[in-house]
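Understanding the architecture of this molecule
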Amino acid sequence: MRELIAAPLPGLDLRQHYGHHQSPAIRAGGLIFCSGMLPIDPGTGERRHGTLTSEAHVIFANLKLLLESAGSSLERLVQVHALIYDSIEYDVLNRVYRQYVANGPPARTVWTAQIEAGFKVELDVIAVA
Amino acid sequence: MSPRREVIVASPLARDRASSADRAVSTLVKGGDFLFVSGLAAVDPQSGERVRGTTASETRHILGNLKQLLEAAGSSLDKIVKVNVLLHSMLEAPNMNEVYARFFPDPPPARTVCGARLPDDAKVIIECTALA
């Protein structure tokens, strides 16, 4: 059984705004698989470029909205892939990241990659449904 | 009781017909409710040779092979829950997306696309997780 989790706010539907052929998230086998989370304004779909820290705040706010709309939460994350544009920002990522996963943080891998639209950070996550 | 982890060898890709001793990688592994599929580069399904083309043509090869692989293992493209697409350049994302959209039903899987340095001059590598 594979179930679509629709965007809780219109801005989070990247298929509609940017033509990306993807669902915001899919629930299957007791887990929620989210599409790569980007710093997008959840109301308008506009890109919110900024520092890595400000982009990460937007991403976590969006992730919280998406997971909670599906009956899950940031506390139920099991795995996170954090893509950053430059490994020099690793410590910066950790400082902001820590604020959102205070208790029993999820498994995580961080690597450097080219992120769409020149964003500085993207989170690719799996949570318990 | 069935094993918790099962390597799927009945696959149409030539490279999987090599003896298991020659393989460092299993293309499909079943665990729990899921099938985990290794990152696929564009190969000819008959010869197993790498196919070098544009981002669009490599994407088409990969997804055609992925469809066969999943169906041979009793799954299918519409059971995929998450796809990770690695591109040699994010400038190619629209070219990948256009071909990609023709393969996936509604609603499409969750997906992450990023640019990375890929082995063997591949322009695209696609990995996924599907329901078994």
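Criteria and thresholds
Residues numbered from 1 in each chain as written. Chains lettered and ligands numbered in written order. Predicted model: local features only at pLDDT ≥ 70, side-chain atom pairs only at ≥ 80, totals over all residues. Pairing = 2+ DSSP bridges. Helix = DSSP H or I, 4+ residues; strand = E, 2+ residues; numbered from the N terminus. Axes fitted to C-alpha atoms, helices over the stretch in contact; angles between N-to-C directions. Contact = placed C-beta atoms within 7 Å. Core = buried A, V, L, I, M, F, W, Y, C linked by C-beta atoms within 7 Å. Buried ≥ 20, exposed ≤ 12 C-beta atoms within 10 Å, placed from the backbone. Nonpolar A, V, L, I, M, F, W, Y, C, P; charged D, E, K, R; others polar. Left-handed = near helix turned anticlockwise from the far one by under 90°. Right-handed = clockwise from strand over helix to strand, strands pointing away. Parallel < 35°, antiparallel > 145°, perpendicular 65-115°, else oblique.

Let us look at the sheet that holds strand β3 (residues 34-40) of chain B. Residues and elements named next belong to chain B. Reading across from one edge, β1-β2-β3-β6-β4-β5 is the order of the 6 strands in this open sheet, with mixed pairing throughout. Whereas interior strands pair on both sides, the edge strands pair on one side only; in this sheet they are β1 (5-8) and β5 (110-115). With strand direction ignored, the average angle separating the axes of adjacent strands in the sheet is 15°. Where β3 and strand β6 (residues 124-131) come together, 5 bridges link them in antiparallel fashion. Paired with Val37 across the strands is Cys128, a residue of β6. Across the sheet, helix α1 (residues 55-72) is in contact with β2 (28-31), β3, β4 (80-87) and β6; its angle to β6 comes to roughly 25°.

What follows is about the nonpolar core. A:Ala25, A:Ile32, A:Phe33, A:Val125, B:Val124 and B:Ile126 are the most contacted members of the largest nonpolar core, which totals 65 residues. Ranked by residue count, the leading element in this core is helix α2 (residues 52-69) of chain A, at 7 residues. The residues touching A:Phe33, leaving out its near neighbours within four places in the chain, are A:Ala25, A:Ile26, A:Ile126, B:Val81, B:Lys82 and B:Ala110.

A word on the interface of chain B and chain A. The partner chain A presents 22 residues to the 23 residues of chain B that form the contact. Counting only elements with at least two residues in the side of chain B that touches chain A, the list comes to β4, α2 (93-103) and β5 of chain B. When residues in the side of chain B that touches chain A are grouped by element, the largest group, 6 residues, is from β5(B). Partitioning the side of chain B that touches chain A into residue classes produces 15 nonpolar, 4 polar and 4 charged.

It is worth spelling out the packing of α2(A) against helix α3 (residues 90-98) of chain A at this point. All names here are of chain A. Interhelical geometry of α2 versus α3 gives an angle of 35° and a closest axis separation of 9 Å. The interaxial crossing formed by α2 with α3 has right-handed handedness. Of the residues in α3, those touching α2 at Leu52, Thr53, Ala56 and His57 are Val92, Leu93, Val96 and Tyr97. Looking at side-chain class alone, the contact of α2 with α3 contains 6 nonpolar, 2 polar and no charged residues.

What follows deals with the pairing of β5(B). Residues and elements named next belong to chain B. Burial analysis of β5 places 5 of its 6 residues in the buried class, the great majority of the element. With 6 bridges connecting them, β4 and β5 associate as parallel partners. The partner of Lys82 across the bridge, within β5, is Ala110. At this point the chain moves from β4, through α2, to the parallel β5, and the crossover so formed is right-handed.

Here the focus is the packing of α1(B) against α2(B). All names here are of chain B. In the contact formed by α1 and α2, the axes pass within 8 Å of each other and the chain directions differ by 30°. Considering the angle they form, α1 stands roughly parallel to α2. α2 is crossed by α1, and the crossing has right-handed handedness. Taken together, the residues of α2 that come into contact with α1 (itself represented by Thr55, Ala56, Thr59, Arg60 and Leu63) are Asn95, Met96, Glu98, Val99, Tyr100 and Phe103. Its residues placed into classes, the contact of α1 with α2 shows 6 nonpolar, 3 polar and 2 charged.

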